[in-house]
Amino acid sequence: LTGAINQVVLGEDTSGLMRDLRTFLRENQSLDVSDRRLVKAARLLKVSAASHGRNRVDPIDCLLLQHMTWDLPEQRAVVMDWLWEHLTPGEARNGEIASGSV
């Protein structure tokens, strides 16, 4: 698995999402996500992709960030909502299924 992890690509879209999440948390939650934590998070996203047989991090892998980017338990919901908003297309927001998408 280690060899496969090193072959996984963390695309610009994923890097941008992580950057935007970090900015959001800093500006809106007074939460500074360290470089070290982001590097570890990126590695875990690569592990997820590799363990699912992919050579590129998929947006679904980014949902794992909700478990790695908060300090206080009450911040987890804020992170999850932000991720959901930025990872789901169209009107599928806040855990709701957009009408007509079923």
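Residues numbered from 1 in each chain as written. Predicted model: local features only at pLDDT ≥ 70, side-chain atom pairs only at ≥ 80, totals over all residues. Heavy atoms only, no water.

Asker: In this structure, what is going on with the pattern of salt bridges? I would like to understand it.
Answerer: Pairing is possible between side chains that carry opposite charge, provided their charged atoms lie close to one another. Per the stated rule, a full pass over the model turns up six salt bridges. Between D35 and R22 there is a salt bridge; the shortest N-O distance is 2.6 Å. Of this pair, D35 sits in helix α3 (residues 35-51) while R22 sits in helix α2 (residues 12-29), and the two are 13 residues apart along the sequence. Residue R22 is classed as buried on the basis of its relative accessible area, which comes to 19%. (Salt bridge = Lys/Arg side-chain N within 4 Å of Asp/Glu carboxyl O. Helix = DSSP H or I, 4+ residues; strand = E, 2+ residues; numbered from the N terminus. Buried < 20%, exposed > 50% of the residue type's maximum accessible area, 1.4 Å probe, protein only.)

Asker: Looking at this model, I keep getting lost on the packing of aromatic side chains. Mind explaining?
Answerer: To describe a pair of aromatic rings, you give the distance between the ring centres and the angle between the ring planes. Taken as a whole and judged by the stated rule, the model has one aromatic pair. Taken together, a centroid distance of 6.0 Å and an interplanar angle of 25° make the contact between F24 and W82 stacked. Of the two residues, F24 is situated in helix α2 and W82 in helix α4 (residues 73-87); the sequence distance between them amounts to 58 residues. Given a relative accessible area of 8%, W82 falls into the buried group. (Phe/Tyr/Trp six-rings, centres within 6.5 Å; stacked < 30°, edge-to-face > 60°.)

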